[in-house]
Amino acid sequence: MNLVENWQAILTKAWSIKFTAASLLLSALEVWVQLVQPAGIPGGIFAGIAGAVSLAAGVARLLAQQEVSGGAVK
């Protein structure tokens, strides 16, 4: 397995990476809600949002981004 040439730019600028990190945070919040059970926060809310953000990450992975691709998007 080889890294792509511009892996550092992808890691810092790609929306798919940002959405994936947000999904990870929301998933961790869902676990926290289930453990602590704070009043006023329904169970499953963060899991649902994490699912939507994961879907956005998949879509973002397919879209070309000028900041990452280094050229004009066709």
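Before reading on, note that the structure itself is shown above.
Everything quoted here is computed from the prediction, not taken from an experiment.

How each quantity is defined
- Residues numbered from 1 in each chain as written.
- Predicted model: local features only at pLDDT ≥ 70, side-chain atom pairs only at ≥ 80, totals over all residues.
- Heavy atoms only, no water.
- Core = buried A, V, L, I, M, F, W, Y, C linked by side-chain atoms within 4.5 Å.
- Buried < 20%, exposed > 50% of the residue type's maximum accessible area, 1.4 Å probe, protein only.
- Helix = DSSP H or I, 4+ residues; strand = E, 2+ residues; numbered from the N terminus.
- Contact = heavy atoms within 4.5 Å.
- Lys, Arg positive; Asp, Glu negative; His and termini not counted.
- Salt bridge = Lys/Arg side-chain N within 4 Å of Asp/Glu carboxyl O.
- Polar contact = N/O pair within 3.5 Å; in protein donor to acceptor, adjacent residues only side chain to side chain.

Quick word on the nonpolar core
One finds Leu26, Val33, Phe46, Ala50 and Val53 forming the largest nonpolar core, which totals five residues. Of all the secondary structure elements, the ones that give two or more residues to this core are helix 2 (15-36) and helix 3 (45-62). Of the residues forming this core, the biggest block, three residues, is contributed by helix 3. Not counting residues within four places of it along the chain, the set of residues in contact with Val33 comprises Pro38, Ile41, Pro42 and Phe46.

Description of the side chain of Glu30
Along the polypeptide, Glu30 turns up in helix 2. Although Glu30 lies buried, it forms no salt bridge, and the closest oppositely charged side chain, Lys18, sits 25 Å away as judged by the N-O distance. Among the polar contacts made by the side chain of Glu30, one reaches the main-chain amide nitrogen of Gly44 at a distance of 2.9 Å. Non-local contacts of Glu30, meaning those with residues more than four positions away in its chain, are made with Gly43, Gly44, Ile45, Phe46 and Ala47.

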